[in-house]
Each structure stands twice: as structure tokens, then as C-alpha cells.
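Understanding the architecture of this molecule
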Amino acid sequence: MTGAAVAQDATHYSYTIIDYPGSFNTGVFGINRSGQMSGTYFGSDGVARAFICTDGKFSTVNFPKADRTFGFGINDAGSIVGYYIDSDNRTHGFLYDGKNYTAIDYPKATTTRASGINDAGEIVGGFVDEAGVTHGYILKAGKFTAIDFEGATRTEAYGINNAGWIVGYYADSKSVIHGFVDKGGVRTTVDYPGALRTNLYGINKSGQISGTYIDQSKNHGFISTPENVMFHIPGALSTFAFALNDAGLVVGQSVDVDSVDHGFLAVPDKPQTPQISARMDPDWVKAGVNGFKLNVRGFGFVRGSTLHWNGAERPTIFTDDRLITASIPPEDIANPGSALVSVVNPDGLTSNVVVFPVRSTPPP
């Protein structure tokens, strides 16, 4: 459906920031019916690893002996797919079913990525052939089938639902990127109204799609409900919507003003809680010094928002809905360790929790 319906804000979504604990960058790229999430994070060592998040608890997924592992889609059984880079710098897709790892390599491909998986175990992704051309594929019952949008110079499949409907994106002869939906081999272009570029990443049971578009200023996520509803994390430089489940919960990634990537969960028709960016100012403090001012950025702050340090309220100054400053006394930082920082609004809505380090020496 080239030229989809005009964008609307018919449904309100609230955002929760999802950061793998202690990570430098996080992206959430999959969500299943029970709310399990999958994605990728970069640790302080700069290495990419996949993860699964179940009821707020994270577990790391690393393909054996891989240099880097990137997690993407997850199905209702908790199996995830993604890709890994080996010691020879070659890229392979993978499946992890909770116990076993399986490599996924399209025949004769130089690169293979796996992006989406449904409950039947059907997997979609992209591969690069020997001529350097990118194609989509579906892996079904052990058999690969290439997916190429007619007339495209590049095609990548990304998401698949339990009906076997596939979404992805392709480049036309002028290198413009368009989204597409594949229903039983019938492929239709999807362009967000007025966008310079559209990428589709997720599709659920009812055929709702999630994706990202680029306008004149930045990247925005969106979902079709069937109207188009835009996602943009307040204050973010870019927002990407990657996957959605059958209840319409959406996950993705945003880039903040410090160019740090954060995962997010968007929930329809739920009040917005305050949210803290993982990058605070300062981002660490030396143990034993005098008290200091802690600047906390995020969104959803209101007059009367208070910072809590290990659960205890600290004097807080409200600047605007994206910045508060708290006074941290000397006794809070007398010894090395870490503090759990959160923000509580006057109505009791509470933010995500961010770990703040108190160090004896500067970080390496």
C-alpha cells in the first residue's frame, strides 16, 4: 500500500527505557507474547553480545567462540535468532533455543543474518551473495528460499508472524529504501506518508506492522494500528521501532543527546512514568569527597519530582521535564560501591533504576 493512511495519534503510548545493566549501548529488537524481550548490548569492553530479558531479568547469549553476537527476533518459545561474527570476521546467522546454538548460513553466501522467527520455527533474514548483492530469505523446514522484491537492487527480510507473513525493506533503482509486506509471495510496498525512507521490521498476528521512517530531520519509529502512530522518545536524536507482539507492545532503540543507544518498551494507553538516561552528570564520583550535585537527564519529570538514592529521597531541583538536579551528601559517597538512582513523581510514578558508581580510583 504505497502512500499509507495519514499519521495520527489515536493511541497514546508510554515509554520505558531498557538498558542492559552496566552496558554502554543497548537495543531491543524482539518481543514475544509473554513480554520476553531480546536484543543486543555493548559492554564496557566494546564487545557486542545478545541478551534475553524475562520479567526484568537479563541473561547473556553468546554464540560459542564468536567474537561478537547480535540478538534480534524471539518467538513465544523463547528461541532467539541473530547473527555472529567469527574470528575470521565472517558473519553467520544463528538460532538459540535456550539450550543449543545452531549456525545459519545461506548456501554459497558470503554473509548471512537472521532477524525474525515465528512459533513454527520459520526464520527470515538477509544474505549477501558472491556478487555482493543482498537478498532476503526464509528458512522453512530446513529449506532456504530467497526473497527479492521485483525490480529491487537490494532486499532484506526482517520479521515474520505465525501466518507466515513477512516484512522487510528493499532499495529501488534510485537507491531509495521502501518497506514491504509479503503475504504468501504477494509483495506490497509500504511507505510512511511523506517519508524519505521506510524500513519495516515487525508484524504481529493481526497484521499490524512496526518500522522506522526518515523525514527531513530525523528517524522516527511507527506502528500501523491501522492508522500510523509515530514513536519518538522525548529528547532523542533518533527513535527506531523494531518489533511488536500480539498485544501491540512495541520495542526498539533510541539515540540520546550523548549519542548513547537505549532500548525501549512502548505500551499503549498507560501513564508515562519518569525515565532516566543512563548517562548522568557526573557519571561517577570519587569516594570520600564532599557532597556533590547530580544532574539527571531523561523525560517525564514534573515539578515535585524527587531523586531517590538507594531508596532515600534527596533534595531535588526541577529544571524542566528532561532535567533535575539532586544534592548528594558526603555520607552517601563515603565508601566505594554503587548506588541505585531513581526518580519518583508526586503521583507516585517511579522511573527505571540506574546504577551510579562511587569509585576509589578513576575508571580505566
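Basis of the calculations
- Residues numbered from 1 in each chain as written.
- Predicted model: local features only at pLDDT ≥ 70, side-chain atom pairs only at ≥ 80, totals over all residues.
- Heavy atoms only, no water.
- Pairing = 2+ DSSP bridges.
- Helix = DSSP H or I, 4+ residues; strand = E, 2+ residues; numbered from the N terminus.
- Axes fitted to C-alpha atoms, helices over the stretch in contact; angles between N-to-C directions.
- Core = buried A, V, L, I, M, F, W, Y, C linked by side-chain atoms within 4.5 Å.
- Buried < 20%, exposed > 50% of the residue type's maximum accessible area, 1.4 Å probe, protein only.
- pLDDT = per-residue confidence, 0-100.
- Contact = heavy atoms within 4.5 Å.
- Salt bridge = Lys/Arg side-chain N within 4 Å of Asp/Glu carboxyl O.
- Polar contact = N/O pair within 3.5 Å; in protein donor to acceptor, adjacent residues only side chain to side chain.
- Phe/Tyr/Trp six-rings, centres within 6.5 Å; stacked < 30°, edge-to-face > 60°.
- Lys NZ or Arg CZ within 6 Å of the ring centre and 35° of its normal.

Take the sheet that holds strand β20 (residues 219-224) next. Taken in spatial order, the four strands make up an open sheet running β18-β19-β20-β21, and their pairing is antiparallel. With one partner strand each, in any of the chains shown, β18 (197-203) and β21 (228-231) form the two edges of the open sheet. With direction set aside, neighbouring strand axes in the sheet form an average angle of 25 degrees. Bridge count between strand β19 (residues 209-214) and β20: five bridges; the pairing is antiparallel.

What follows deals with the nonpolar core. Ranked by size, the top nonpolar core spans 20 residues in total, and within it Leu-294, Val-296, Leu-307, Trp-309 and Phe-356 carry the most contacts. The set of elements that each furnish at least two residues to this core consists of β27 (292-299), β28 (306-309), β31 (323-328), β32 (337-344) and β33 (354-359).

Time to look at the confidence of the model for the chain. Mean pLDDT over the chain works out to 93, with 97% of the residues at or above the 70 mark. Note that residues 1-10 has pLDDT below 50 and, in this model, 22 contacts with residues that lie over four places away or in other chains.

Okay, the pairing of strand β13 (residues 143-147) next. The sheet contact formed by strand β12 (residues 134-140) and β13 spans five bridges and is antiparallel. Counterpart to Tyr-137 in the pairing with β13 is Ala-146.

Attention now moves to the pattern of salt bridges. Opposite charge on two side chains permits them to pair, given that their charged atoms come into close proximity. Within this structure, the stated rule accounts for nine salt bridges. Between Asp-76 and Arg-33 there is a salt bridge; the shortest N-O distance is 3.6 Å. Residue Asp-76 is found in the loop between β6 (68-74) and β7 (80-85), and its partner Arg-33 is found in the loop between β2 (25-31) and β3 (37-42); the two are separated by 43 residues along the sequence. Assessed through its relative accessible area of 31%, Asp-76 is described here as partly exposed. One salt bridge connects Glu-122 with Lys-140, and the closest N-O pair in it is separated by 3.7 Å. One end of the pair, Glu-122, is in the loop between β10 (111-117) and β11 (123-128); the other, Lys-140, is in strand β12, with 18 residues separating them in the sequence. With a relative accessible area of 49%, Lys-140 lands in the partly exposed category.

This next bit is on unusual backbone geometry. Geometrically, the link from Asp-281 to Pro-282 is a cis peptide bond, its omega value of -5 degrees lying close to zero. In this fold, Pro-282 is placed in the loop between β25 (275-276) and β26 (285-286). In this model, Asn-89 sits at a positive phi of 65 degrees, which is unusual for a non-glycine residue. Examined against the element boundaries, Asn-89 turns out to sit in the loop between β7 and β8 (91-96). Positive phi is not limited to glycine here, since Ser-259 has a value of about 60 degrees. Within the secondary structure layout, Ser-259 lies in the loop between β23 (250-255) and β24 (261-268).

For Ser-206, the position within the fold is in the loop between β18 and β19. With a relative accessible area of 55%, Ser-206 lands in the exposed category. Separated by 43 residues in sequence, Ser-206 and Ala-163 have C-alpha atoms that sit 9.5 Å apart. Side chain to side chain, Ser-206 and Asn-204 meet in a polar contact 3.1 Å long.

Looking now at the packing of aromatic side chains. If you walk through the whole model with that rule in mind, you get 37 aromatic pairs. By the ring-pair criterion, three or more aromatic residues cluster together here, those being Phe-29, Phe-42, Phe-70, Phe-72, Tyr-83, Tyr-158, Tyr-169, Tyr-201, Phe-240 and Phe-242. The lysine or arginine in question, Lys-183, covers the ring of Trp-165, its NZ or CZ lying 4.3 Å from the ring centre.

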